[in-house]
Structure formats: structure tokens, C-alpha cells
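Architecture and fold: a report
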Amino acid sequence: MSEVVHGRLEVRRARYAVAAVFAVHGAVTGSFATRVPWIQDHAGVGAGQLGLALAFPALGASVAMPLAGSISHRFGARTALRGLIALWTLSLVLPSLAPNLLTLCLALFVYGATAGMSDVAMNALGVEVENRLDKSIMSGLHGMWSAGALVGSAAGTLAAHLGADARLHHVLAAAVLTTVGVTACAWVLDLQPAEDEEPPPRFALPPRSALLIGAIGFCAVFAEGASLDWSAVYLRDQLGTSAGLAAACTTGFTLTMAIARIAGDRVVDRYGAVRTVRVSGVLAVLGGLLIVLARHPATAMGGFALMGLGIAVVVPLCFAAAGRSGSNPSLAIAGVATITYTSGLIAPSAIGLLAQATSLMVSFVLVTVLSCGLAGFAGVLRAGDRTKITRPDAAVPDPRP
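Note that the coordinates shown come from a computational prediction; the quantities given were computed from them, not determined experimentally. Note that residues are indexed from 1 along each chain, following the sequence as it is written. In view of the model being predicted, local features appear only for residues whose pLDDT reaches at least 70, and side-chain atom pairs are presented and counted only at 80 or more, with totals across whole chains, interfaces and linings using the full set of residues. Computation of side-chain values: all heavy atoms of the structure, hydrogens and water removed.

Describing the overall build of the protein chain
Under the scheme used here, helices are H or I runs from DSSP no shorter than 4 residues and strands are E runs no shorter than 2 residues, and both carry numbers assigned from the N terminus. Counting its regular elements, the protein chain contains 17 helices and zero strands. Taking all 401 residues of the protein chain together, 53% fall into the buried category. A contact between two residues is defined here by any heavy atoms of the two lying within 4.5 Å. The long-range share in the protein chain, meaning contacts at least 24 apart out of those at least 6 apart in sequence, stands at 86%. A 1.4 Å probe and the Shrake-Rupley method give the accessible areas. Residues count as covered only by the protein chains that appear here. Total accessible area on the protein chain stands at roughly 16600 Å², and carbon and sulfur atoms take up 67% of it. Burial status follows relative accessibility: with a 1.4 Å probe on protein chains alone, a residue under 20% of its type maximum counts as buried, one over 50% as exposed, and anything between as partly exposed.

As C-alpha cells, then:
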């Protein structure tokens, strides 16, 4: 087997491996999101206190995410991702064990820290695979994340419908997901730093080119975080549904996101990033209006599904645009990742605090207003439109269309 063929096979195998890691990461989030009402009742906290607790993942991620680059530099990308994904899957158990607000905050701090570090590591490897294939795959990878979230939320829906204890549910889920995640890491790219390469800084301000891109990503991920963690609570508290139907709403949201992201690469290649996001923004706004005006569970569930469809491809396109902007693509990608990821982690707490002061309906009015920014500012993603340029350094191009 020639070296070129071997290299092509290695990169394709790494593509599927990192896709599996994305799916595992999403499954943890889906498993957690559908059991938030159970965790809230078990810890004995109200909407405002739950919102406060849900701020701690953002705090944990903010503290820990800058460490991901240093960990990868020290241990290599493959070993770092293997350890970080294991920490993330195992942290799923912690929130359901918390008996009160204090322990819930501590558990969610660890949950957010491990989520952030593993997210940075797997996205970095995904971008590297995309560069070697010279073909857009980031939307598909994020689609695998949504597919994993769908599987996790579907299992959570079944567990909630059966009235299962979330502690047992999450222990079993963590055991399965840790096994799958660690196994998949055996085939990701084993990137090692050069001997004379300096370790990355623990903190660096994102370049100016990343700020507007990060802003549109902020809007999309805010809507995603709010919907994932509060859709089940919204149906239960605002519309009086059962726990099983409320959890099914989260499943529908993740389903539309998964479908849109998996199909996203082809859509973007055909219509371009700007037009795709403008139409997506309109769909997200329509979904938000259905949610806040809903008087029946089916209407709200349709709204959350439209919201998922509308915001699905925005974050992958933000990474693509960041990678093609400015003189330091890696720093731009890191800056956009920090902005968007922090948005997803602070959104649930912001929704809870606003709901405590007003109502959950008013909270989702805010989500709808932010969704308007997707259509209005889609032009900043123009750099994310892929151009058919043959790069001389594209070592292993994918011959498939």
C-alpha cells in the first residue's frame, strides 16, 4: 500500500473516529437535559435557584477551557482527547447526586469544566481533519453531536416516562458513553507538537476579526442552550404537560438540529453560508414566536423543532468563517469557540433568572429577539463560504463528490 493511500485511509478513519467522539459528547448533554426537571426536584430548588446553578457550568468552562491547548501540547492530541472525553462522560453522574443547591453548583462546575476542555480538543481535531481532506465536514461533525444528543435525550425521555431514578440512569449512561468515547479516541489523529514548539498561552484575547463572527454564534448558541435545558421545563410548567411529553419536546428539538446539521454541508456548498444563515434565522424567529404564543403543547413542540432547524448550521459556519479570517486562523477559531461556548453555558442561567423575575414565556421572548440577529448579521459569515481552490499542500484530498 502506497504512503499516499495509507495517509488517505488514516485521515478518513480519523474523520469517523472524531465524529463518534462528537456523538458521545452530545449524548452526555442530551442525557443531562432531559432530566433537568428531576434534578431540580431532587435538589429542591426553584426556577431562580436552578438558573443560578446552571451558571456554574459556564464558570467551570471559563476557568478550564484555556487549559485544553496546554494539555494537548503536553500529552499529544489523541491522549489528551481520550482523557478529557472520559472526564466529561463520567461527570454526567454528578448533578443527579446533588441533594441541595450548594452541591448542585459544585457538580455543575465540574460538569462545565470537563465539557469545555473536551469540546475544545475535539473541535481542534475536527478542524485538522477538515484541512487534510480539503472538504467541509464541520457541519456534519456537529450533526453527529446533535445525533448523539438525540440518542441521549431519547433515552432520557424513556427514563422519565418510566419514572426511573436519574441517578441510576446517569450511572448507566456514563458507563456506556465512557467506553465508546475512549475506544473511538484510538483512531483520531495523533498530533504531536514539534520539539521546538512553544506551549500555547493559557489566555489570549481573540482577534478583532473573530468578534463579529462570535457575536452571531453567541445568538445561535444562546437559543440552543436555552432550548436544550429549558424546553422540558417550559412544557411542564407553562403548559402543564406530563414529564414524558415534556422530555419528548427536547428530543424533537435535537432531532431537527441533527437532521439539519448532517445535511448542512451540502446545503451550504450549494447556497452559500450567508443565504443559508439568513433563511435559518427566519426559521428560528418563527419557531420562537410559536413557543411564546403557544397555548397547546403541540404548538410549542413545533416551535422548538423550528428553532432547532434554524440554528443548526450556524456554529459550524462560525468556525469555518473564523478559520478563513485574519492572519491567525487558529486564534480566531479559539476566540469564536470561547464566545459561542460560553453563550451556551450562560443561556440556561439567564433564562432561569429572567423566568424568576417574570416568566418562562418572557425568557423565550429574549431568545426570539436574539434569533433575529442571525438573519440580520449573516453577512459576517461570508468568509465561511468554501471556494473550490486546489491547495498545493492538501496532502490527502477526498476524491468523493
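A short note on the nonpolar core
Grouping buried Ala, Val, Leu, Ile, Met, Phe, Trp, Tyr and Cys residues that are joined through side-chain atoms within 4.5 Å yields what is termed a nonpolar core. I311, F364 and L374 are the most contacted members of the largest nonpolar core, which totals 107 residues. With 15 residues, helix α11 (residues 208-239) is the single largest residue contributor to this core. Start and end points for every domain follow an automatic or database-based domain assignment. Here this core spans two domains, and each of domain 1 (1-189) and domain 2 (204-385) adds at least three residues to it. In this structure, L374 is in contact with I216, C219, A220, V277, G281, A284, G310, I311 and V314, ignoring residues within four places of it in sequence.

A few points about the packing of helix α13 (residues 273-293) against helix α14 (residues 297-311)
Axes here mean lines fitted to C-alpha atoms, for a helix over just the part in contact, with angles spanning 0 to 180 degrees between N-to-C directions. Running from N to C, α13 and α14 cross one another at 160°; their axes reach a closest spacing of 7 Å. Our classification of the angle between α13 and α14 gives roughly antiparallel. Once α13 is placed against α14, the crossing between them reads as left-handed. Residues S280, G281, L283, A284, L286, G287, G288, L290 and I291 of α13 touch α14, and the partners they reach there are T299, A300, G302, G303, F304, L306, M307, L309, G310 and I311. Here the nonpolar group is Ala, Val, Leu, Ile, Met, Phe, Trp, Tyr, Cys and Pro; Asp, Glu, Lys and Arg are the charged ones; every other residue, Gly included, is treated as polar. Within the contact of α13 with α14, the residues separate by chemical class into eleven nonpolar, eight polar and no charged. Note on terminology: angles under 35 degrees are roughly parallel, angles over 145 are roughly antiparallel, angles of 65 to 115 are roughly perpendicular, and the others are oblique. What makes a crossing left-handed is the near helix being turned counterclockwise from the far one by less than a right angle; a clockwise turn instead makes it right-handed.

Describing the pattern of salt bridges
Note on definitions: salt bridges are taken to be side-chain nitrogens of Lys or Arg within 4 Å of carboxyl oxygens of Asp or Glu. Within this structure, the stated rule accounts for five salt bridges. For E224, the salt bridge is made with R261, and the minimal N-O distance between the two is 3.5 Å. Here the residue E224 occupies a position in helix α11, and R261 occupies one in helix α12 (residues 243-271), the gap between them amounting to 37 residues. Assessed through its relative accessible area of 2%, R261 is described here as buried.

Side note on the side chain of S153
Structurally, the position occupied by S153 is in helix α9 (residues 138-161). Of the residues examined, S153 reaches a relative accessible area of 0% and is grouped as buried. With residues up to four places along the chain from it excluded, the contact list for S153 reads G30, S31, T34, T250, T251 and T254.

Quick notes on the confidence of the model for the protein chain
Scored by pLDDT, the protein chain comes out at a mean of 85, with 88% of its residues at no less than 70. How sure the predictor is of each residue is captured by pLDDT, a score from 0 to 100. Helix α16 (residues 329-357) is the least confidently modelled element of the protein chain, averaging 78 in pLDDT, while helix α10 (residues 166-184) averages 97, the highest of any element. Confidence drops under pLDDT 50 across residues 387-401; counting only partners more than four residues distant or on other chains, this segment forms 24 contacts.

Concerning the packing of aromatic side chains
Pairing of aromatic rings covers Phe, Tyr and Trp, the last through its six-membered ring, and needs centres within 6.5 Å; plane angles under 30 degrees mean stacked, over 60 mean edge-to-face, and all others mean tilted. One pass over the full model with this rule turns up six aromatic pairs. On the numbers, 5.2 Å between centres and 80° between planes, the contact of Y234 with F364 is edge-to-face. A residue pair is termed long-range when its members are at least 10 positions apart, and Y234 in helix α11 and F364 in helix α17 (residues 360-376) qualify at 130 residues. Each member of the pair, Y234 as well as F364, is classed as buried. The structure contains a cluster of three or more aromatic residues connected by ring pairs, namely F32, W88 and Y111.

Looking at the state of the cysteines
Only a pair of cysteine sulfur atoms within 2.5 Å counts as a disulfide in this structure description. Applying the stated rule across the entire model yields zero disulfides. This cysteine, C219, is not joined by any disulfide, and C372 carries the nearest cysteine sulfur, 9.4 Å off. We note that C318 lacks a disulfide partner, and the nearest cysteine sulfur, in C219, lies 9.5 Å from it.

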